[in-house]
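Here's the letter readout for the chains.
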Amino acid sequence: MEIVVCLKPVPEAETRLRAATDGRALDSEGVKFVLAGYDESALEQALLLKESIAGSRVHAVSYGPGPRTEEVLRAAIALGADLATWVEAPPGTALDPIAAARALAAAITSVPHDLILCGKQAGDDEAGLVPPALGELLSLPEFSSVVDLRWDAGTSRFRFLRSTEEGGERWESSGPCVMGLQQAWNDPRTAKLPNILRSRKATIARRPLEPVPAGPRSESERFELPAPRTGARMIEYKTPAEAAQQLVRLLREEAKVFP
Amino acid sequence: MTAPILVVGEVQAGHLTSPTLECITVGQHLAAGQAPVIGFVAGSSARSVADEFSHVGVARVVVVTDATLDTALVAATAHAVAAAAERVGADTVLVGGTTFGRELVGRLAIRWNASAASSVTEVRKEGDALHVRRPIFGGRATETRRLDGPRFVLALRPHTFPVPPDAAVPSNIEEVPLPSLPPGLLVARRTALEPTSEGVGPSLGDASIVVSGGRGVRTAENFHLVEELAAALGAAVGASRAVTDAGWRPSSFQVGQTGRSVSPQLYIAVGISGAIQHLVGMLSSRVIVAINSDASAPIFRVADYGIVGDLFQILPALTAEIRRVRGL
Ligand SMILES: Cc1cc2nc3c(=O)[nH]c(=O)nc-3n(C[C@H](O)[C@H](O)[C@H](O)COP(=O)(O)OP(=O)(O)OC[C@H]3O[C@@H](n4cnc5c(N)ncnc54)[C@H](O)[C@@H]3O)c2cc1C
């Protein structure tokens, strides 16, 4: 089985966010980029499937500028991906999720793909638009918020569970689809040193960005940090009952969160 | 811009959802009386739900009653919405930013060749462009994006906008057929639906109030204290990773970087220290309450209201007080 995983480098969670001088985007100077959290789940899921189906390969694909994009691909190889394709975005390209989906789809179309896994959304722009847009571009069904995925060899079907507002939905698919994973993998594998060393020399297929068809675009024009929270208003009380009464009164009268 | 605005109705338990109603408010605001807001609803119960649009001032509704759409295959709905938008000459499609809504927007951006944004909390029209605000980085920052026209599809963040006032208008329902679908889209089939983990209360992503417990709760058995408070509030239950790692609750409860992101009106963190990986999943909540025995816990730096105290004493008192004021 040929499993494609789409990966995006994002600033690590601990990053101190600040706006770039033009005020339009994050200042990425000195920021460390890592694999987006849900993408890590997608990669882990891809590797687990590969291990359970003989003759499978995992192909990591990423769109973005160097060197961060190349680095996450090498990290994926160190973890067990067999192939990697980097769709190069010129430095300074403002990343638009729909443009990213187009770039990824162009790369995926030209390689074998029985299943395409993505993170449900990336921890930076949190748009969640790449998986469904990829589905439409590739004319495949797409399922976001997948929390469990198996290959049923007996019936040659993917069986998966997605978690939506209405609860759990169980699905099966007899053909390729795109999935956005949202799995709490609290212990994804870590790369072993020899594999890290080998990944440094692995070949990464580079694809120039094809000129995108003229079409609607979106662009960030302002990046703002919320006014620093001034800290909680602390409730003074003598008994737990008094604390409860005060909190409920404040929530109703001041915060107006419930009637 | 005077083209109509199409609001895609999402149906739950036989009714339009409140995120759908919020879209009608935003649609009416954007149209500013210059163009109609038109409803869209799909699925075998579409006809009966379509009337609900007319209770809030939306007269014209396009319905597709094909049962193919019942299985929530978003791809099929996206094709039907694109055809409906074409038919009514809309330039903007709005949908609630649920799992369904976000998938719909991603597909429509391609299918209908529109510029797209999700988790939108503010929309402003200026000339031919829309400017939208949306939380990013787990609510630690906000971006304003300019979307170039002529077509727009937006998923609006649920619980952000008011629902429209009642305004009955005569309803004008138009039934259209489902466009034919590429066969590749039909390889998947829904086999079962399982109600939310406990079968009670709203699910995490959807709830307007979330009560989450952390390691401070100490054992799986004690977690009922968190659940009782949630039940009194009609809230969903969440947890920190300390709880899901310990197996006190399943990972579907986890809020944070590797769990779910939530943005309710009210988030109550009980016995949670406030690690950054937890905060990124809940910082965009409107009001945050922290209950923690350690006055220096970082959660108090992001909370609006704080109680320093022992959760084993505070929670029962709080649950009792809420039951009292709600007459439960
Ligand atoms: C890559 C990565 C991803 C992660 N993803 C997530 C994630 O998605 N979600 C997440 O939550 N965490 C995540 N974490 C873990 C995170 O760093 C913290 O370890 C975790 O959030 C801590 O959970 P906690 O606040 O419940 O526990 P603790 O940090 O142990 O805090 C327990 C709190 O309970 C208080 N307490 C104790 N007893 C009482 C009492 N009787 N009454 C009141 N208060 C009491 C204590 O004062 C303390 O503040 C991640 C970590 C990593 C490295």
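The numbers attached to residues start from 1 for each chain and follow its sequence in the written order. Starting at A for chains and at 1 for ligands, labels are handed out in the order in which the entities are written. Since the coordinates come from a predicted model, pLDDT governs what is reported: local features require at least 70, and pairs of side-chain atoms require 80 or more to be given and counted, while whole-chain, interface and lining totals use all residues. The basis for every side-chain value is the complete set of heavy atoms in the structure, and neither hydrogens nor water enter the calculation.

### Thoughts on the interface of chain B and chain A
For step 1, the next point in the chain: At the interface, 93 residues of chain B touch 84 residues of chain A.
For step 2, the next point in the chain: A simple way to read buried area is as the amount of 1.4 Å-probe accessible surface that goes missing from two parts once joined, with both sides added. Across the interface of chain B and chain A, roughly 7700 Å² is buried in total on both sides, 52% from carbon and sulfur atoms.
For step 3, the next point in the chain: Three residues stand out in chain B for area buried against chain A, namely I110, F137 and Y305 of chain B, and they jointly supply 10% of the buried area on that side.
For step 4, the next point in the chain: The definition of a polar contact used here is a pair of N or O atoms within 3.5 Å, where within protein one atom must be able to donate a hydrogen and the other to accept one, and adjacent residues in sequence count solely through side-chain atom pairs. There are 39 residue pairs in polar contact (both at pLDDT 80 or more) connecting chain B and chain A. Should any heavy atoms of two residues lie within 4.5 Å, those residues are counted as being in contact.

### Focus: the pairing of strand 6 (residues 92-96) of chain B
Residue and element names in this part refer to chain B.
For step 1, the next point in the chain: The buried label applies to any residue whose accessible area, calculated with a 1.4 Å probe on protein chains only, is under 20% of its type's maximum; exposed applies above 50%, and partly exposed to all values in between. Secondary structure counts use DSSP, requiring at least four H or I residues in a row for a helix and at least two E residues in a row for a strand, with both numbered from the N terminus. Judged by how many residues are buried, strand 6 sits mostly within the fold: five of five residues are covered.
For step 2, the next point in the chain: Residues of strand 6 alternate between two faces, with T92, L94 and G96 on one and V93 and V95 on the opposite face, all of them buried.
For step 3, the next point in the chain: Pairing between strands requires that DSSP locate at least two bridges from one strand to the other. Sheet topology note: the strand 6/strand 11 (residues 152-156) ladder contains five bridges and is parallel. Residue pairing across strands places G96 opposite L156, the latter belonging to strand 11.

### A short note on the environment of R189 of chain A
Residue and element names in this part refer to chain A.
For step 1, the next point in the chain: Its place among the elements puts R189 in the loop between strand 10 (178-181) and helix 5 (193-201).
For step 2, the next point in the chain: For R189, a relative accessible area of 25% gives the class partly exposed.
For step 3, the next point in the chain: Spatially, the C-alpha atoms of R189 and I108 are 25 Å apart, while their sequence positions differ by 81 residues.
For step 4, the next point in the chain: Ignoring anything within four residues of it in the chain, the contact list for R189 reads E44, L47, L48, E51 and L79.
For step 5, the next point in the chain: Looking at R189, its side chain comes within polar contact range of the side chain of E51, at 2.6 Å.

### Topic: the confidence of the model for chain B
All names here are of chain B.
For step 1, the next point in the chain: This prediction gives chain B a mean pLDDT of 91; 97% of its residues lie at or above 70.
For step 2, the next point in the chain: pLDDT expresses how confident the predictor is about each individual residue, on a scale running from 0 to 100. Per-element averaging of pLDDT across chain B places strand 13 (residues 188-194) at the bottom with 87 and strand 1 (residues 5-8) at the top with 98.
For step 3, the next point in the chain: Reported for the predicted complex are a pTM of 0.89 and an ipTM of 0.92.

### Some points on the nonpolar core
For step 1, the next point in the chain: One finds I116 and L134 of chain A together with L6, F40, V93, L104 and V153 of chain B to be the most contacted residues of the largest nonpolar core, which totals 60 residues.
For step 2, the next point in the chain: Ranked by residue count, the leading element in this core is helix 3 (residues 74-88) of chain B, at ten residues.
For step 3, the next point in the chain: Contact partners of L104 of chain B, with chain neighbours within four places excluded, come to V8, V74, T77, A78, V81 and V95 of chain B.
For step 4, the next point in the chain: Residues enter a nonpolar core if they are buried and are Ala, Val, Leu, Ile, Met, Phe, Trp, Tyr or Cys, with the set joined through side-chain atoms within 4.5 Å. The next biggest cluster of nonpolar side chains, apart from the first, holds 40 residues, and it includes A255 of chain A together with V217, A232 and L318 of chain B.

### Quick look at the site of the ligand
All names here are of chain B.
For step 1, the next point in the chain: Throughout this document, a residue counts as near a molecule or strand when at least one of its heavy atoms sits within 4 Å of that molecule or strand. In the neighbourhood of the ligand, 26 residues make up the surrounding shell, with R215, S240, T258, S273 and N292 lying closest.
For step 2, the next point in the chain: Note that an oxygen atom of the ligand is positioned 3.0 Å from one of the backbone N or O atoms of Q257.
For step 3, the next point in the chain: We get accessible surface area from the Shrake-Rupley algorithm with a probe of 1.4 Å; when it comes to residues, only the shown protein chains can shield them. Contact with the protein chains hides 76% of the accessible area of the ligand, taken as 990 Å² for the molecule alone.
For step 4, the next point in the chain: Those elements that place two or more of their residues in the shell around the ligand are helix 6 (241-245), helix 7 (276-279) and helix 9 (311-325).
For step 5, the next point in the chain: Ten residues, namely Ala, Val, Leu, Ile, Met, Phe, Trp, Tyr, Cys and Pro, are considered nonpolar, four, namely Asp, Glu, Lys and Arg, are considered charged, and the remaining ones, Gly among them, are considered polar. Its residues assigned to classes, the shell around the ligand shows six nonpolar, 15 polar and five charged.

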